[in-house]
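One letter stands for each residue in the lines below.
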Amino acid sequence: VFMATLVTLYAHWVSQPSRAVGWFCLLNKIEFDFEFIDFFAGAHKTEEFQNLSPNGLIPVLKDDSIDLVIAESHAILQYLAEKANADSWFPSDPKTKAKVLQYLHWHHLNTRNLTTVLFKPVVLGALGLGPSVDAEQATKDVSPALERINNWLSNDTFLCGTATPTIADLSCYCEIDQLKLFNLGKLDSYPNIITWIAKMEQLPSHEEAHKGLQEFFASSKDKFQF
Ligand SMILES: N[C@@H](CCC(=O)N[C@@H](CS)C(=O)NCC(=O)O)C(=O)O
């Protein structure tokens, strides 16, 4: 069985890619030390952290058993899935794997905009931590990505045609969960996404993986008018 030694995850539960990796570990019972990087307070800018992660982003995974330190959530998810033999999460069947990889590559310049174009500027603006932005326009700007995801979900239960979720679903969901919570993105326009969200919410450890985001929402929701 994998992971006689602990891995260390440098992360923050409000960070979307961190949440996907942390949830994957909980789902697969991979024991990990959680090293909290308070990126709101600039903890990712310290010399110590930048030595681990030259681009200064979370999440980062350290696995001392093979002297490995890696960033990029999708590389971490793939690594952990392969090491833990979590075949349903990252299928070894070449056709399904190709579809999962297709999604994971597409994600960075498309789904990720849900955070960089919509969630982050709108929420930081509302909290007075950044300039106020036009939420209507940002919602329009991200709608092609949501439409594509909604289409992918039309024939199948999960994103890549599998009967159970893969790491593609986890990564995608952890950009969309926050939109639902903060009522952003007009998700009601995407019925297949709504059905899929309900399925993802039923997965084990959903609550534990989302506690940090829930707390962030609870502490800031009075400042939102949307
Ligand atoms: N492509 C990266 C994205 C990582 C990323 O954007 N992390 C954010 C938090 S969600 C971060 O560390 N931001 C700090 C900063 O921009 O200074 C991944 O998938 O891991």
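What counts as what
Residues numbered from 1 in each chain as written. Predicted model: local features only at pLDDT ≥ 70, side-chain atom pairs only at ≥ 80, totals over all residues. Heavy atoms only, no water. Helix = DSSP H or I, 4+ residues; strand = E, 2+ residues; numbered from the N terminus. Expected span 1.5 Å × (residues − 1). Bend = angle between axes of the 7 residues up to and from the residue. Buried < 20%, exposed > 50% of the residue type's maximum accessible area, 1.4 Å probe, protein only. Contact = heavy atoms within 4.5 Å. Pairing = 2+ DSSP bridges. Axes fitted to C-alpha atoms, helices over the stretch in contact; angles between N-to-C directions. Phe/Tyr/Trp six-rings, centres within 6.5 Å; stacked < 30°, edge-to-face > 60°. UniProt positions renumbered as here; feature names shortened; annotations may be inferred. 1 Å grid on protein atoms, 1.4 Å probe; cavity = no way out; pocket = protein on both sides within 12 Å on 5 of 7 lines; lining within 4 Å. Points joined across faces, edges and corners; volume = space filled by probe spheres on them. Nonpolar A, V, L, I, M, F, W, Y, C, P; charged D, E, K, R; others polar. Domains from an automatic or database assignment.

Attention shifts here to helix α9 (residues 206–220). Taking 1.5 Å of rise per residue, 15 residues should cover 21 Å, and α9 covers 21 Å from first to last C-alpha, within 8% of that figure. Considering bend angle alone, the principal kink of α9 is centred on Gly-212 and spans about 40 degrees. All buried positions along α9 are accounted for by His-206, Ala-209, His-210, Gly-212, Leu-213, Phe-216, Phe-217 and Ser-220. Those residues of α9 that are buried lie in contact with α1 (16–27), α5 (113–126), α7 (167–181) and α8 (191–201).

Looking now at the pairing of strand β4 (residues 68–71). Where strand β3 (residues 60–63) lies against β4, 4 bridges are found, and the strand directions are antiparallel. Bridged to Lys-62 within β4 is Val-69. Linkage of β3 to β4, two consecutive antiparallel strands, is achieved through a turn of 4 residues, within which Asp-67 is found at a positive phi near 55 degrees.

Right, let's get into the sheet that holds β3. Strand order across the open sheet formed by 4 strands is β2-β1-β3-β4, with mixed pairing between neighbours. The open sheet terminates on both sides in strands that have one partner only, identified here as β2 (32–36) and β4. Mean inter-strand twist for the sheet, computed between neighbouring axes without regard to direction, equals 20 degrees. Examined bridge by bridge, strand β1 (residues 7–11) and β2 share 5 bridges and lie parallel to one another. When the sheet's bridge partners are listed, Tyr-10 is paired in β2 with Glu-35. On top of the sheet, α1 reaches β1 and β2; it is set at about 150 degrees to β1, its chief contact. Contacting β3 and β4, helix α3 (residues 73–83) crosses the sheet at an angle of about 135 degrees to β4.

A few words on the pairing of β1. For β1, a buried count of 5 out of 5 residues is recorded, marking the element as mostly surrounded by other parts of the structure. Side chains Val-7, Leu-9 and Ala-11 project from β1 onto one buried face, and the interleaved Thr-8 and Tyr-10 project onto a second face that is buried too. Note: β1 against β3, 3 bridges, orientation antiparallel. Residue pairing for β3: Thr-8 is matched across the bridge by Lys-62.

Okay, the packing of aromatic side chains next. On inspection of all chains with the given rule, the structure shows 14 aromatic pairs. Ring geometry for Tyr-173 and Trp-196: centres 5.8 Å apart, planes at 75 degrees, overall edge-to-face. Within this pair, whereas Tyr-173 is found in helix α7, its partner Trp-196 is found in helix α8, the two being separated by 23 residues in sequence. Look at Tyr-173 and you get buried, because its relative accessible area is 1%. In this structure an aromatic cluster arises from ring pairing among Phe-39, Phe-40, Phe-119, Phe-182, Phe-216 and Phe-217.

A few words on the UniProt feature "domain: GST C-terminal" (unreviewed entry) in the chain. Per the UniProt record, "domain: GST C-terminal" (unreviewed entry) is found at residues 93–224. Between the end C-alpha atoms of residues 93–224 the distance is 45 Å, and the span holds 67% helix and 0% strand.

Computed from the structure, the largest pocket encloses a volume of approximately 710 Å³. Taken together, 27 residues form the lining of the largest pocket, with Gln-16, Phe-39, Leu-57, Arg-112 and Lys-120 sitting closest to its centre. Breaking the lining of the largest pocket down by element, the ones donating at least two residues are α1, α4 (94–109) and α5. Each residue belonging to the lining of the largest pocket can be placed in one class, and the counts come to 13 nonpolar, 10 polar and 4 charged. A domain split of the lining of the largest pocket shows at least three residues from each of domain 1 (7–83) and domain 2 (94–223). By volume, the second largest pocket amounts to about 200 Å³. For the second largest pocket, the full set of lining residues is Lys-95, Thr-96, Lys-99, Gln-102, Tyr-103, Asn-151, Trp-152, Asn-155, Asp-156, Leu-159, Cys-160 and Gly-161.

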